[in-house]
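For reference, the chains in residue letters:
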Amino acid sequence: MTKPGITPPAEETSAGAVTTFDAFARFATTAPPTPPQPGQPSRSPEERLAYHSQFITVRTPAIETLSRNVRTLMILGRHQQVTARPSLIVTGPATTGKTTALLEVGRTCHLAHTRRAHPRDTSVPVAYVLVPPGATAKTLAGEFARYLGIPVTARMTTMQITTAVCHTYAAAGVKLVLIDEIHRLNPRTSSGSEAADWLKDLTERVRSTFVYAGIDVTDSAVFTGVRGAQLAGRASLIDCGALPARAGEREPFRELIAALERALDLTAHRAGSLPKLAPYLHERTAGRIGSLARLIRQAAIEAILDNSERITKPLLDSIALDHLAEEHYRPRNPARRRTRPSSP
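First, a word on scope: everything that follows refers to the structure included in this document. (Residues numbered from 1 in each chain as written. Predicted model: local features only at pLDDT ≥ 70, side-chain atom pairs only at ≥ 80, totals over all residues. Heavy atoms only, no water.)

1. Description of the overall build of the protein
Looking only at helices and strands, one finds 13 helices and 5 strands in the protein. By the burial criterion, 47% of the 344 residues in the protein qualify as buried. Within the protein, contacts between residues separated by at least 24 positions form 70% of all contacts whose residues are at least 6 apart in sequence. Carbon together with sulfur atoms contributes 54% to the accessible area of the protein, which is approximately 17000 Å² in total. (Helix = DSSP H or I, 4+ residues; strand = E, 2+ residues; numbered from the N terminus. Buried < 20%, exposed > 50% of the residue type's maximum accessible area, 1.4 Å probe, protein only. Contact = heavy atoms within 4.5 Å. Areas by Shrake-Rupley, 256 points an atom, 1.4 Å probe, with all protein chains shown as cover.)

Here it is as structure tokens:
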């Protein structure tokens, strides 16, 4: 539903986008897909194809760490009045679950707020903003405005948009601001430096906890130099890297595979067969959560379509993954092959 006093955007963004309040609220309140339950009637192939297309979200170590830190920092900064509240940076390579972690934490915060809120409460607990490519101060301000449907015209100055954003975010009671694709911000350019300054100014004027996520942020220009140091000096780092095959006595990658396998809805799949393939799957995906989830979901869909109803190593090996994973596992130029991670 649209909050009173907030003008909705003229049209929805692409399917599945969550960069407006209405879209994020729908995402947060929509029940996640349900794995097959004992004793329940079998679902039709069409229902099971739709289920594997959506699939579940596994609570990874990164999600658990981010959830705990966000909860603590929101309490820590609740009564801080003078300077910007402490923030978080989620960093890591592509396809390692950064956006998933960000959205799951946002969903949790939104649902926790709505459970406690009065029926007539019109506040907005969470804002989710994507940094646009080649972001300037004005385009970044425009994205913050768009989330809450704040009317913006081409004639408006950056200062005018900023004033509207700060006023509306304060009136809406936004507690948590999630900023994704932060690596797109480049303070080494004139427009990028203005955008970085604008973001720093916003964190001091909006009384919210900010969480940034981006690809290898610590190696980018975003948190280096004078401007970057101002943001980095207020933020704790959460590394959302590839899962190792082993971590002490634990095998986190095998545990993730087992959790994904338990959620499958296939009529002839052998329980425990995927965890046995953990060395191969780790080598195949380089331990990246996004690549693993895509591989298993795609294999499940193939298994339903060809009526085999089970996932096997030949089936997995026949699937072309994202280019990053494929270049790691079977590069077109073998001379460029990177060192593969050790198997468990």
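2. Some remarks on the environment of aspartate 201
Considering the arrangement of structural elements, one finds aspartate 201 in helix 7 (residues 190-205). The partly exposed category is assigned to aspartate 201, whose relative accessible area is 30%. Residues aspartate 201 and threonine 162, 39 residues apart in the sequence, show an inter-C-alpha distance of 9.6 Å.

3. Focus on the sheet that holds strand 3 (residues 176-180)
The strand order across the open sheet built from 5 strands is 2-3-4-1-5, with neighbouring strands paired in parallel fashion. The two strands at the open ends of the sheet, each matched to only one other strand, are strand 2 (126-130) and strand 5 (235-239). The sheet shows a mean angle of 20° between the axes of neighbouring strands, direction not considered. With 5 bridges connecting them, strand 1 (residues 87-92) and strand 4 (residues 209-215) associate as parallel partners. Paired with glycine 92 across the two strands is isoleucine 215, which belongs to strand 4. Of the strands in this sheet, strand 1, strand 2, strand 3 and strand 4 are in contact with helix 4 (residues 98-116), which crosses strand 3 at around 165°. Against the sheet, helix 5 (residues 137-147) contacts strand 2 and strand 3, and its axis sits at roughly 140° relative to strand 2. (Pairing = 2+ DSSP bridges. Axes fitted to C-alpha atoms, helices over the stretch in contact; angles between N-to-C directions.)

4. A word on the pairing of strand 1
Among the 6 residues of strand 1, 6 are classified as buried, and the element is accordingly described as predominantly covered. Neither face of strand 1 is exposed, since Ser87, Ile89 and Thr91 on one face and Leu88, Val90 and Gly92 on the opposite face are all buried.

5. Details of the packing of aromatic side chains
Applying the stated criterion to the full structure yields 6 aromatic pairs. On the basis of an interplanar angle of 50° and a centroid distance of 6.0 Å, the ring pair of phenylalanine 144 and tyrosine 169 is categorised as tilted. Placement of phenylalanine 144 in helix 5 and of tyrosine 169 in helix 6 (residues 158-172) is noted, with a sequence separation of 25 residues between them. Residue phenylalanine 144 shares its accessibility class with tyrosine 169, and that shared class is buried. Taking the centre distance of 6.4 Å and the plane angle of 25° together, the rings of phenylalanine 210 and tyrosine 212 count as stacked. Each member of the pair, phenylalanine 210 together with tyrosine 212, is buried. (Phe/Tyr/Trp six-rings, centres within 6.5 Å; stacked < 30°, edge-to-face > 60°.)

6. Topic: a positive patch on the surface
A contiguous patch of positive charge on the surface is contributed by Arg78, Arg115, Arg116 and Lys175. Take arginine 115: it is sitting in helix 4. Judged by its relative accessible area of 64%, arginine 115 falls in the exposed class. (Patch = residues over 30% accessible without salt bridge, like charges linked within 9 Å, V, L, I, M, F, W, Y side chains within 5 Å. Salt bridge = Lys/Arg side-chain N within 4 Å of Asp/Glu carboxyl O. Lys, Arg positive; Asp, Glu negative; His and termini not counted. Charge placed at Lys NZ, Arg CZ, Asp CG, Glu CD.)

7. Observations regarding the packing of helix 5 against helix 7
The geometry of helix 5 relative to helix 7 is characterised by a closest axis approach of 8 Å and an angle of 40° between their N-to-C directions. Relative to helix 7, the element helix 5 is oriented oblique. Across the interface between the two elements, Ala137, Leu140, Ala141 and Phe144 from helix 5 touch Ser191, Glu194, Ala195, Trp198, Leu199 and Leu202 from helix 7. Its residues placed into classes, the contact of helix 5 with helix 7 shows 8 nonpolar, 1 polar and 1 charged. (Parallel < 35°, antiparallel > 145°, perpendicular 65-115°, else oblique. Nonpolar A, V, L, I, M, F, W, Y, C, P; charged D, E, K, R; others polar.)

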